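Listed below are the residues making up each chain.
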Amino acid sequence: MTVGNAPEPSLAAGCVEENFQEWKESMSNEVRLPGGLSSGSRQKLWISLAKNYIREVHLDWDKTRQFAFNPESYPEDEQLNNQIVKDLHRTGCNWSTNEQNRIILQRVLLAFARYNKSIGYCQGLHILTSVILDVMDMNEEHALMILIYLIDSILPDFFSNNLHALAIDMTVFDHWLKVFNPQLHLHLKNLQSTSALNDDEGGNYEPPLLNVFTIQWFLTLFVTCLPRPATLRVWDALMIEGNEVLFRTGLLLWSKLSIAVLKVTTADQFYSAMGHLSVQLLDEKIIVADNLIQEIYNVGPFPTPFLSELRQKFSIQAPSNRTSPTNQSKSKTDLKRIKTKLLDEEIVNFVSCFAILSSSSLRNNRSVEKSNSPDVNQLRQQYKKLQQRNKQVQIISQTSNTQRQCAPDSICSISAGPLVNHLLVKPTDIKRNQLRKNVSSKSLSSKDQQPEEYEKEIQQLLTCLNVPQSNKLPQADSKKTSSDNSIDRFLISRSAQIPKYSSFNPFPSRSFNENVAVNGYKLGLYSPVVTSR
Amino acid sequence: MDNMYSYDYQFRLIVVGDSTVGKSSLLRSFCDGVFSQDPDPTVGVDFNVRIVEVKPGVKVKLQLWDTAGQERFRSITRAYYRNSVGVLLIYDTTNYVSFTHVTSWLNEARAQIQPYHSVFLLVGTKIDRESERQVTTEEGKAFADFHNISFIETSSKSSLYVQEAFTMIAREIYDMLTEGRIHVQSGWDGVKTGPKSANSNQSQPIEIAQNVQPRRNGCCSS
């Protein structure tokens, strides 16, 4: 297979936009020919695309390279390396047994982490980088370029921000599957419903059954689930056509498995069956690369408008104001049923910040208009949690003290202030998150929105829960009013201040105000509190 | 193979802990009886199954959920706590930091699982590397005692106390079940009755391999 019309990498970097598009289109044809690209052409393709991206975003490559591969270490390197080193030898690539290769892998991963501080290092990146290095004959500079292109351009936000883009995409995937393979989708939904019957009572808020597998597929870009030749073919398409290739590949793989999956009658059988099926997916005889690529392109021309519609819809919808979106899509009737509980549940699970809001909606799924105010039970649970935390602090401070006068299940009286303060400022947590201080611009936007106000609210909440007589709290209804108010105000201010799902950081550890978030987390504000009815 | 489809109960357990404490190795050692020095890191959530006998004649199928340890994956793994009846809190006995994080794993699990009742087991791993030990058995024991949970130290490499760990938590759950402190309830997948006691029709394994492809592959039968 020759790639006659592919420009040299250097040419691609310098060529004008028009020529580049033309070349890209011809390559798009090239990759779906039987047999696909030769390894040389693949190298050229990937590096050309990467260089073009770097040119497009006006990244000063010389500076970037020097900074990223600087042999002198930066202060944050130690933490990054600690995490990276854990994964170097487990990439699934044969060459990672070679010490020298592992050092190269480490350098590329560290370079990327230095370059993209909002992601740093995320498990899974080592698998992708290994494949890139493998294809690029261990050229670390080229590998870094391609990694930057892949992560920044093809998979934006996939690995940052606690994988929230991935979370959205999983919801999108579920809805696309509903259109793509309604039979399979319905079957899986039924499997899940039978395993959790009380649908109306918020019983079933586990993500769709497929997610366990689809998440892995997406995060490793099929490296761990498809035979290598097929994986590389998918990557070629991915590099050219963008992340929609992931969706198409995922949909097609599930359709391939659907004959088997439709036979299972319970969720447990499904999981068991997937054990066997996953092995079969790795079989080159079952997954024929040529056919797979052909099918990916047969879905239709890129891009599918449906995908961006769905993405937009799910990105905009914040779980707190899920009341019917004004820009309800004109087409697709099933889109109107988008406010299914499945969605609620999924977002609930991913958006821990909204845990309390969601828990109230969980208990009453059908009435989205319901007030956000938490009830006494929640307050009590928070109080209980605070007590638990206190106990945990105690054990930290006196691990050696083995006397068991204070049985964990009994309610021990709340301790004095300093103990709680210890608890709220957990140094390890903050330290671990230091390297993530560089929040993305998206998070910054919400950071601007008066974090002091949250802090004040939290402080009020804290005072309410921590007043000396607070051990009466669960019983005393008079106390409830004031605490309720402050939580209420906190929640209202939060929901008012955070208009878009995509504009805040769902995980407390790196959110708009780290301290508030950490404090709130310790208070249990961010954990879904589900009360039985 | 028959065993896989004949059991009295099914317990769903989730395995959590920092990355590289040995969660996947422990599961591999237990489920496959092999030790792999460096399994690929779990990305997202993974899944294993094995049947144990909690007392003569009572078989329990353990559905084991393996989770990614890196902090940012918690947003994904968090969703899988709720339907678990048991939580294995794993730390590495040769890494003190991983032990200090057990509290936060415990808190998170408790917060997610409530209001359902769950059983916790604290598991220290890698005791074959005694010379590198950083967390003493006493420390682990004290922590477990304080929280009133069970405790065991294991080595996946030498498969030391691996079986015991899982049998231990399975028995504990079974005991609570028989005492009525845990119930099989609809809407919750933590504990379910098996086909053996519920419906004998389901005890036949379904053939899956043949359906993927016309040409029979037969990887799961033999």
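For clarity, every value in this text was computed on a predicted model and none was experimentally measured. (Residues numbered from 1 in each chain as written. Chains lettered and ligands numbered in written order. Predicted model: local features only at pLDDT ≥ 70, side-chain atom pairs only at ≥ 80, totals over all residues. Heavy atoms only, no water.)

Draft legend 1. Layout of the nonpolar core. The biggest cluster of nonpolar side chains holds 177 residues, and the ones touching the most others in it are W254 and F270 of chain A together with F11 of chain B. Split by domain, this core shows at least three residues from each of two domains, domain 1 (13–154) and domain 2 (156–320 + 341–362) of chain A. Residue contacts for W254 of chain A: discarding those within four places in its chain leaves F173, L177, L184, L210, F213, T214, W217, F270 and M274 of chain A. (Core = buried A, V, L, I, M, F, W, Y, C linked by side-chain atoms within 4.5 Å. Buried < 20%, exposed > 50% of the residue type's maximum accessible area, 1.4 Å probe, protein only. Domains from an automatic or database assignment. Contact = heavy atoms within 4.5 Å.)

Draft legend 2. Expanded view of the pattern of salt bridges. Residue and element names in this part refer to chain A. A complete count under the given rule lists 22 salt bridges over all chains for this structure. Between R228 and D134 there is a salt bridge; the shortest N-O distance is 3.8 Å. Separated by 94 residues along the polypeptide, R228 in helix α12 (residues 228–241) and D134 in helix α7 (residues 125–135) bring together distant segments of the chain. In this structure R228 comes out as partly exposed when scored by relative accessible area, which is 27%. Look at D134 and you get partly exposed, because its relative accessible area is 36%. With a shortest N-O distance of 3.6 Å, K256 and E295 are connected by a salt bridge. Note that K256 is positioned in helix α13 (residues 244–261) and E295 in helix α15 (residues 289–298), a separation of 39 residues in sequence. Residue classification places K256 among the partly exposed positions, given a relative accessible area of 24%. In the salt-bridge network here, residues are joined through shared partners; they are D62, R65 and E141. (Salt bridge = Lys/Arg side-chain N within 4 Å of Asp/Glu carboxyl O. Helix = DSSP H or I, 4+ residues; strand = E, 2+ residues; numbered from the N terminus.)

Draft legend 3. Main features of unusual backbone geometry. Residues and elements named next belong to chain A. The linkage connecting F302 with the following residue, P303, adopts the cis geometry, with an omega of -15 degrees. As for its placement among the helices and strands, P303 is situated in the loop between α15 and α16 (305–316). In this structure, H58 is a non-glycine residue whose phi angle is positive, near 55 degrees. Tracing the backbone shows H58 in the loop between α3 (39–56) and α4 (61–68). Here the phi dihedral of F222 falls at roughly 70 degrees; this positive angle occurs in a residue that is not glycine.

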